[in-house]
Amino acid sequence: MANSKKKSDKELSYDELVAKRNELKKQYMDIRFQAVMGHVENPMQKRTVRREIARLNTLIHQQDLEKFRKAAAESIAANN
């Protein structure tokens, strides 16, 4: 089940990835607040959300690098 979730994240656009990451960051802050208050239903959810944020950060970074490489290649081709 997790593999299909990762594949669908890879297919998202840059803006969708950023929006999903921001949503998960808010969810993570809520979980942290609940943990401090002592009302956490699933303590492992904090780790799961944190790891999902890291996956999204990786995908966002990969897309940034891809854009940078394309721009660099176009610049080199234009100069030759």
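Summary of the structure given here. Since we're looking at a predicted model, the values are computed, not measured.

### Points about helix H3 (residues 44-79)
Next up, step 1: In this model H3 runs 53 Å from its N-terminal to its C-terminal C-alpha over 36 residues, within 8% of the 52 Å that 1.5 Å per residue would give.
Next up, step 2: For H3, the complete set of buried residues consists of Val49, Glu52, Ile53, Leu56, Leu59, Ile60 and Gln63.

### Topic: helix H2 (residues 14-37)
Next up, step 1: End to end, H2 covers 35 Å across 24 residues, agreeing with the expected 34 Å (1.5 Å per residue, within 8%).
Next up, step 2: Glycine 38 occupies a position one or two residues after H2 and carries a positive phi of about 85°.

### With respect to the pattern of salt bridges
Next up, step 1: Per the counting criterion, the structure on display carries three salt bridges.
Next up, step 2: For arginine 55, the salt bridge goes to glutamate 52, with nearest N and O atoms at 3.2 Å. With arginine 55 and glutamate 52 both in helix H3 and three residues apart, the pair spans about one turn of that helix.
Next up, step 3: With a relative accessible area of 34%, arginine 55 lands in the partly exposed category.
Next up, step 4: Among the residues examined, glutamate 52 registers a relative accessible area of 9% and is labelled buried.
Next up, step 5: Residues lysine 70 and glutamate 66 are paired through a salt bridge, measuring 3.5 Å at the closest nitrogen-oxygen approach. Here lysine 70 pairs with glutamate 66, and both are found in helix H3, just four residues apart, close to one helical turn.

About the thresholds
Residues numbered from 1 in each chain as written. Predicted model: local features only at pLDDT ≥ 70, side-chain atom pairs only at ≥ 80, totals over all residues. Heavy atoms only, no water. Helix = DSSP H or I, 4+ residues; strand = E, 2+ residues; numbered from the N terminus. Expected span 1.5 Å × (residues − 1). Buried < 20%, exposed > 50% of the residue type's maximum accessible area, 1.4 Å probe, protein only. Salt bridge = Lys/Arg side-chain N within 4 Å of Asp/Glu carboxyl O.

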